[in-house]
Amino acid sequence: MTAAPERAEVELAIGGMTCASCANRIERKLNKLDGVTATVNYATEKAKVSFPSGVDPQKLVDTVVAAGYSATLPQPAEDEEDHVTGLRDRVLAAAVLSLPVVVLAMVPAWQVDYWQWISLALATPVVFGAGLPFHVAAWTNLKHRAATMDTLISVGTLAAYLWSVYALVFTDAGEIGLRHPFELTIERSSESRIYLEVATAVTTFILAGRYFEARAKRRAGAALRALLELGAKDVAVLRDGAEVRIPASQLVVGDRFVVRPGEKIATDGEVEEGSSAVDVSMLTGESVPVEVGRGDAVVGATVNAGGRLVVRATRVGSDTQLAQMAKLVEEAQTGKAQVQRLADRVSGIFVPIVLVLALGTLVTWLALGVPTTSAFTAAVAVLIIACPCALGLATPTALLVGTGRGAQLGILIKGPEALESTRRIDTVVLDKTGTVTTGRMSLVDVRLADGEDRDELLRMAGSLEHASEHPVAKAIAAAVDEHAPVSEFRNVEGLGVQGVVDGRAVVVGRTALLADWGLHLPDALARAKTEAEELGRTVVAVGWDGRVRGLLVVADTVKPTSAEAVRRLTALGLRPVLLTGDNETVAKAVAREVGITEVIAEVLPADKVDAVKRLQDKGNRVAMVGDGVNDAAALAQADLGLAMGTGTDVAIEASDLTLVRGDLRAAVDAIRLARRTLGTIKSNLFWAFAYNVAALPLAALGLLNPMIAGAAMALSSVFVVSNSLRLRAFS
């Protein structure tokens, strides 16, 4: 049997794509190569290519370049920032130069001597400088017998500009002192008209739309950077019995390193010395710290919350769990369905029709014996009226107003892709720890033995636990306002603490520790302990002077607003599902408290992605709400990812919407706002197209002067902006 050829993978950064059809074209070109499988993502501007190891990667780059685009290794973040900054500067320059051109054209009273030539001087750098990307893209599309909105923008603006130059040079339009009259139809004298304001306004508006889109996409790769930055930066390695501080990236398998309390564990490993409680919540979602000792495995980027550990490195670099999770996020993002704006989808039909209609208008008028100048003016009017000025504003203006209002409400929307994802969402997957619950341990119940005083019990236990760094101890200590002095304090690893408080020998911890002191639970407290543990809570016993005095129950508490948020999500027609790495008992208890009936518990980070995929495979449109690193890949996989702003940076970066308040009710507001903003975008696009469709016949029949077309285009843009501003009233 012949062995399968070895394969390699490379990720290319693609430049020059202006719509989803560009991504499809590049993908087809790459997939035509023998043995090559490529996926091109327009949203992230990357191509993930798998190819036989014998193929030179440069051939892949050359194939993309031959198709009219650029291909390189992924650019560093600062280059992406420079690209967006450059686009912003281009928009600002175009706006500054275009404003006087538009004002002079639309207000005859302000048309001073030489105004036409002033307008030409201002318009030239706008059309050929700021608008150069449109012309380059149109030329690329032409070479591949394709047409997009860039084609229409380029043809329309060049036609308006070149006709204006012709009129200025070869007709009386360039005469000093000539004023533009305001006429509704094309007259025989229309060869004296110039349309520079149309060329500049269209260029500026569409550039502004591209800038807002680029700004929203700029953070596409930030999730991976944030994830990898969670790891420790340096580490104390044991060399010849002494500690040597080295960068964590230099660790190799077999190295022994020290982790002090409060430090991050540098890489995956096995504990060789010491014992401690390790906070693994950022990776597993488990709210209760995990007790580890000699022989136990630990994971890089988790935090040592207790004693000193000596760990032997077992996995480093790309083999660590953290790196594998980064890969999960990357794959989930790359695998997302490509989102195409409605304008791009329609352009495949709309643009060729407009070009044919403009040519047909010219030919028809010439065939009817109309002067060439009037016929050409009618054709230009068709192109100008069809220029998608309002289309360029439809998405970014609604997005800006919607995101601005969202920011006031504690909701961050990352871009139009997130809005489109809310349209058919029917299932909301809620992470438990830090999302439905607070993610912090706190004292939730006190059970007293007969005849005991609650305040006395808390003061004795809280004072003793105040000397401990364990998260459960901190929760108990935080419940006490004043702490008594403690002497002879001792931490019994994995069991609890003991010491002398107010002259009494006090012990706080597991029942096994109290049993060593000859202290045993009365039947009533034993039943109370069993009931609490069945709810997944942590129970700590307290005793002194030969008796067990009571029990302290500690748990990760449900946020006060979570139940209301679940009710509101259900009212929106959404099905809530609780997803957690915690055990099933804890998960079901939390679910009952907030009103959720469907629970998926005891899942690892990779399982969370699979859980979302399984729901999607059943035909569900899934939104995911989470806050930890363990949620990042699932957030990216979901049709809509919502991250709690109180969570980790990687979860926030991998999501589509960020809820700054850390209140689950914000998820309800986020979905409502996203749907409202999407509805506004849809209505903007509808009216922009309706304007084009209604005005095209008028232009073709010569009933619409290109000057009026420019004014109508401006009015359509004002409508789009006004419609978007209504989002400011959202509550």
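Rules used throughout
Residues numbered from 1 in each chain as written. Predicted model: local features only at pLDDT ≥ 70, side-chain atom pairs only at ≥ 80, totals over all residues. Heavy atoms only, no water. UniProt positions renumbered as here; feature names shortened; annotations may be inferred. Helix = DSSP H or I, 4+ residues; strand = E, 2+ residues; numbered from the N terminus. Pairing = 2+ DSSP bridges. Core = buried A, V, L, I, M, F, W, Y, C linked by side-chain atoms within 4.5 Å. Buried < 20%, exposed > 50% of the residue type's maximum accessible area, 1.4 Å probe, protein only. Domains from an automatic or database assignment. Contact = heavy atoms within 4.5 Å. Patch = residues over 30% accessible without salt bridge, like charges linked within 9 Å, V, L, I, M, F, W, Y side chains within 5 Å. Areas by Shrake-Rupley, 256 points an atom, 1.4 Å probe, with all protein chains shown as cover. Salt bridge = Lys/Arg side-chain N within 4 Å of Asp/Glu carboxyl O. Axes fitted to C-alpha atoms, helices over the stretch in contact; angles between N-to-C directions. Polar contact = N/O pair within 3.5 Å; in protein donor to acceptor, adjacent residues only side chain to side chain. Expected span 1.5 Å × (residues − 1). Phe/Tyr/Trp six-rings, centres within 6.5 Å; stacked < 30°, edge-to-face > 60°. pLDDT = per-residue confidence, 0-100. Arc of directions from axis to C-beta.

This part covers the UniProt feature "transmembrane region" (unreviewed entry) in the chain. Mapped onto the present numbering, the UniProt feature "transmembrane region" (unreviewed entry) falls on residues 91-111, 117-140, 152-174, 194-212, 346-368, 374-401, 685-701 and 707-725. Taken end to end, residues 91-111 is 76% helix and 0% strand, and its two terminal C-alpha atoms sit 25 Å from one another. A distance of 25 Å separates the end C-alpha atoms of residues 685-701, which is 94% helix and 0% strand.

Sheet architecture is open: three strands sit in the order 10-9-12, paired in antiparallel fashion. Edge positions in the open sheet fall to strand 10 (290-292) and strand 12 (303-304), since each of these has one partner strand only.

The subject of this paragraph is the nonpolar core. One finds Leu 430, Val 625 and Leu 642 to be the most contacted residues of the largest nonpolar core, which totals 47 residues. Counting residues domain by domain, this core receives three or more from each of domain 2 (82-222 + 331-398 + 681-729) and domain 4 (411-436 + 559-660). If sequence neighbours within four positions are ignored, Val 625 has contacts with Val 428, Val 429, Leu 430, Asp 431, Thr 435, Leu 635, Leu 642, Met 644, Leu 659, Leu 664 and Ala 667.

With that out of the way, let us pick up the pairing of strand 9 (residues 276-279). With three bridges connecting them, strand 9 and strand 10 associate as antiparallel partners. Bridging across to strand 10, Ala 277 finds its partner in Glu 291. Here strand 9 pairs with strand 12 via two bridges, running antiparallel. Residue pairing in the sheet places Val 278 in a bridge with Asn 304 of strand 12.

Turning to a nonpolar patch on the surface, a few remarks are in order. Together, Val 112, Tyr 114, Trp 117, Ile 118, Tyr 166, Val 169, Phe 170 and Ile 176 make up a nonpolar patch on the protein surface, roughly 790 Å² of accessible area in all. Elements with a contribution of two residues or more to the nonpolar patch: helix 4 (115-130) and helix 6 (149-170). Per element, the largest residue contribution to the nonpolar patch is three residues, and it comes from helix 6. The topology assignment puts Trp 117 in helix 4. In this structure Trp 117 comes out as partly exposed when scored by relative accessible area, which is 33%.

Now for the sheet that holds strand 20 (residues 538-544). As summarised here, the arrangement of the six strands in space is 16-21-20-19-18-17, forming an open sheet in which the pairing is antiparallel. Taken across any chain shown, the strands that pair with only one partner, and hence form the sheet edges, are strand 16 (437-448) and strand 17 (486-492). Neighbour-to-neighbour, the strand axes of the sheet open up by a mean angle of 20°, direction not taken into account. In this structure, strand 16 lies alongside strand 21 (residues 547-558), joined through eight bridges in antiparallel fashion. Bridge pairing in strand 21 places Asp 445 opposite Val 553. Along the sheet, helix 16 (residues 454-465) contacts strand 16, strand 17, strand 18 (496-501), strand 19 (504-509), strand 20 and strand 21; its crossing angle with strand 19, the most-contacted strand, is approximately 80°. Helix 17 (residues 471-478) contacts strand 16, strand 20 and strand 21 of the sheet and is inclined by roughly 65° relative to strand 16.

Moving on to the side chain of Ser 98. Its place among the elements puts Ser 98 in helix 3 (residues 77-106). One polar contact links the side chain of Ser 98 to the main-chain carbonyl oxygen of Thr 200, over a distance of 3.4 Å. Within the local environment of Ser 98, its side chain forms a polar contact with the side chain of Thr 204, the two groups lying 2.8 Å apart.

The end-to-end C-alpha distance of helix 12 (residues 372-386) is 21 Å, a good match for the 21 Å that 15 residues give at a rise of 1.5 Å each. Among the 15 residues of helix 12, 13 are classified as buried, and the element is accordingly described as predominantly covered.

Summed over all chains, the structure comprises four aromatic pairs. Between Phe 128 and Tyr 161, the ring centres sit 5.0 Å apart and the planes meet at 85°, which makes this aromatic pair edge-to-face. A residue pair is termed long-range when its members are at least 10 positions apart, and Phe 128 in helix 4 and Tyr 161 in helix 6 qualify at 33 residues. Consider the rings of Tyr 166 and Phe 170, whose centres lie 5.4 Å apart with planes at 35°: the pair is tilted. With Tyr 166 and Phe 170 both in helix 6 and four residues apart, the pair spans about one turn of that helix. The exposure class assigned to Phe 170 is exposed, which follows from its relative accessible area of 63%. These aromatic residues form a ring-pair network of at least three members: Trp 163, Tyr 166 and Phe 170.

Averaged over the chain, the pLDDT score is 80; the fraction of residues at 70 or greater is 82%. When the criterion is pLDDT under 50, residues 219-224 qualifies, and its contacts beyond four places in sequence or with other chains add up to twelve contacts. Taken as a whole, residues 332-341 scores under 50 in pLDDT and shows 31 contacts with residues more than four places along the chain or in a different chain.

Note that Arg 490 resides in strand 17. A sequence separation of ten residues divides Arg 490 from Val 500, and the C-alpha atoms of the two residues are 9.7 Å apart. Residues within four places of Arg 490 in sequence aside, it is in contact with Gly 496, Val 497 and Gln 498.

One pass over the full model with this rule turns up 26 salt bridges. Asp 255 is the salt-bridge partner of Arg 239, the closest N and O atoms lying 3.6 Å from each other. Residue Arg 239 is located in strand 5 (residues 234-239), and its partner Asp 255 is located in the loop between strand 6 (242-247) and strand 7 (256-259); the two are separated by 16 residues in the primary sequence. What makes Asp 255 buried here is its relative accessible area of 12%. In this structure, the salt-bridge partner of Asp 669 is Arg 568, at a minimum N-O distance of 2.9 Å. One end of the pair, Asp 669, is in helix 25 (residues 665-700); the other, Arg 568, is in helix 20 (residues 562-571), with 101 residues separating them in the sequence. Residue Asp 669 is classed as buried on the basis of its relative accessible area of 13%. Several salt bridges converge on common partners, so that one network encompasses Arg 256, Glu 270, Glu 272, Glu 273 and Arg 312.

Let us now look at helix 2 (residues 57-66). Along helix 2, the residues that are buried comprise Leu 60, Val 61, Thr 63 and Val 64. The buried residues of helix 2 occupy an angular sector of 155° when the element is viewed end-on, so they sit on one face. With its phi angle positive at about 100°, Gly 68 sits one or two positions after the end of helix 2.

Another point: the pairing of strand 18. For a regular strand, side-chain orientation follows a simple rule: the groups alternate between the two sheet faces. Taken across its six residues, strand 18 has six buried, putting it largely inside the fold. Neither face of strand 18 is open: one carries Gly 496, Gln 498 and Val 500, the other Val 497, Gly 499 and Val 501, and all of them are buried. Here five bridges tie strand 17 to strand 18, and the two strands are oriented antiparallel to one another. Bridge pairing in strand 18 places Ser 487 opposite Val 500. Here strand 17 folds back onto strand 18 in antiparallel fashion, the turn holding three residues, of which Gly 494 has a positive phi close to 75°. Sheet topology note: the strand 18/strand 19 ladder contains six bridges and is antiparallel. Bridging across to strand 19, Val 501 finds its partner in Arg 504. In this structure, the hairpin formed by strand 18 and strand 19 is closed by a connection of two residues, where Asp 502 is found at a positive phi of approximately 55°.

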